[in-house]
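Residue-level listing of the chains:
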Amino acid sequence: MTSEPDDTREGKGRARPGPSPSLVLRPEASVRRGVALKAAGFIVLLLSSVAASVFGTEAHQYSSPAALAAVAAAGAFLGVLVAVGLPGERARGLREWLPQAFVGAGGFAVAPWLVMANRYTDAPPGSEVVFFTTAAWGAMLAISAAVGPPTRIRRIGGVLLALAGAAAVVGNWERPSSFSPFVRYGREELLMLLAGALWVTLVLVLAAAARRKSLPAAALRASLGGIGAAIVIGGASAGAGTLTVADLAGGGLWAFGIAAVFVTASTLVLLRRGSAYEVASAYVLVPAAMTLLLLLEQVFGARGPNPLLIWPILGGTVSTAAGLWLARAERDDSPDLASRPRLLRTAGLVFGAVATCAALVALVLPGMSASVTAIRADGTSFEASFGLWGAEMAGTWLALGVAVASVGIAMRRSVPRVGWSQGAAVLAAAVAWPLAAATPLRTLTAFIPSDVQVDYGSEFARIDFSGGPPILAILALVGALFAVAVTLSYRTPVASEEVAARDEQGREVVSQ
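Residues numbered from 1 in each chain as written. Predicted model: local features only at pLDDT ≥ 70, side-chain atom pairs only at ≥ 80, totals over all residues. Heavy atoms only, no water.

1. Let's talk about helix 11 (residues 310–326)
Rule in force here: In this description a helix means any DSSP run of H or I spanning at least four residues, a strand means any run of E spanning at least two, and both kinds are numbered starting from the N terminus. By this rule, a helix spans an expected 1.5 Å times one less than how many residues it contains. Exposure classes here rest on a 1.4 Å probe applied to the protein chains alone. A residue is buried below 20% of its type maximum, exposed above 50%, and partly exposed in between.
Across its 17 residues, helix 11 extends 24 Å between first and last C-alpha, which sits within 8% of the 24 Å expected from 1.5 Å per residue. Turning to helix 11, its buried residues number three or more, namely P312, I313, G315, G316, S319, T320, A322, G323, L324 and L326.

In structure tokens, the structure reads:
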């Protein structure tokens, strides 16, 4: 009996059939590659979203809403081709591709058209537009992803904290700030939120397609729906005389279109390798990232006065990051380390519930006060004062977000492996709270003459704020810290047999 000759030593090939070992990715290498792609997609989405907001503001001054919608839809189509290419599969019927085309029409064309159609030359203020078209959209998407899991209370609290942090960031881009949501441009801002709902629906549909491994076909159908809607909007606008060839000229318009390409492509990359939460996080972080660009402009560009209030912005940014961390889904529901005694769990729930109730009551209590002094155009003096409720201050909403998240953390019957990182996020938000707590969320009023309000910050008119959030907001923050401390105070090590069993199971999965 002779053995089978081994030709590999003579350079004639392999003795055993199958793929070359050098072409098989190790599980660790595959995971690292996936993490790197997700990180790159997240960074590209964040920066391209900032660019789209900036170039959209620039292009809006010279182009019509229909032109911007058409360029946005075309950019989305190109972004789909860049990210997923042309799929080979075909739809099996009208019922399969029509819903995807419909949501694509809403998210890729109607949404940008709604935003641009409700912007005017210098209104609503830029801080409000950024908040209602980026951070608010991301928060809506994150909340929609948080509904259902057993950790939804913690995640909703984290989203509320992150959104309040974003509001604190844009509310400190200048002082006095023009950031006054729903005060003077309530209809326009509600329509921007409606545009956000269309975008959220599109992302959720694409995320569902990604879970079914049919993202390329769904994205292409959605982008074609966006092109179709843009054609309808453009035709109607041209017929009404609001769209001309001149609207399609200008560097800002095409820069906005290029940004739309990268926004769509990076969104699809994240949906293909994760969930919609990473997309939501990037949108919520846009105000903080845009602040960095404003700071760089002061360093390399404009040499005039810097209107940014650095420390409150830092506090808002830390709160946003902490909220996004609290709103994350736990991987595999984060295996628990040990069950907690009922007494400790009850104590944590009581502290969290009391903190949440205190924050809710603080929303309807008086907070800061504002005083206005001005000299009007006819030379007469004007003086007025008004008070802000707790709901009109960032600090109260920040405390409410932390309190709700603490309830979600305390509801766990046992301590999750990521419990300590969640506790660190709550602590970071509490430390940052004093920096951003006194940020007013309303500067403009209906009873003060508009000619006075437009002169705020000049030698003709000034507005000064005094005081701070209601004391109950501080008590809510303290109560939330106690709730988290009690929740995480009991932690027993996992038995050595259980550790060995988990390690053995992990080795078997890797070997397979």
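Here the narrative resumes.
2. Thoughts on the pattern of salt bridges
Pairing between side chains becomes possible if they bear opposite charge and their charged atoms approach one another. As a reminder of what qualifies: Each reported salt bridge corresponds to a side-chain nitrogen of Lys or Arg within 4 Å of a carboxyl oxygen of Asp or Glu.
Under the criterion given, the structure shown has five salt bridges. Across the pair D451 and R376 runs a salt bridge whose closest N-O atoms are separated by 3.1 Å. Taken as a pair, D451 in helix 15 (residues 450–453) and R376 in the loop between strand 2 (366–375) and strand 3 (381–389) lie far apart in primary sequence, 75 residues in all. With a relative accessible area of 31%, R376 lands in the partly exposed category. Where R442 meets E392, a salt bridge forms, and the shortest distance between an N and an O atom there is 2.7 Å.

3. Description of the side chain of E188
Selection rule: The criterion used for residue contact is that any of the two residues' heavy atoms lie within 4.5 Å.
Following the sequence through the fold, E188 ends up in helix 6 (residues 186–211). A relative accessible area of 9% places E188 in the buried class. Contacts of E188, omitting those with residues within four sequence positions, involve N118, Y120 and P124.

4. Some words on the pairing of strand 2
Note the threshold: Whether two strands pair comes down to DSSP finding at least two bridges between them.
Here strand 2 runs beside strand 3; their pairing, made up of eight bridges, is antiparallel. Within strand 3, the residue paired with A370 across the bridge is F386. From the end of strand 2 to the start of strand 3, which pair antiparallel, there are five residues, and G379 there has a positive phi angle of about 90°. Relative to strand 5 (residues 461–466), strand 2 is paired through six bridges, and the arrangement is antiparallel. By the bridge assignment for strand 5, V372 is matched with I463.

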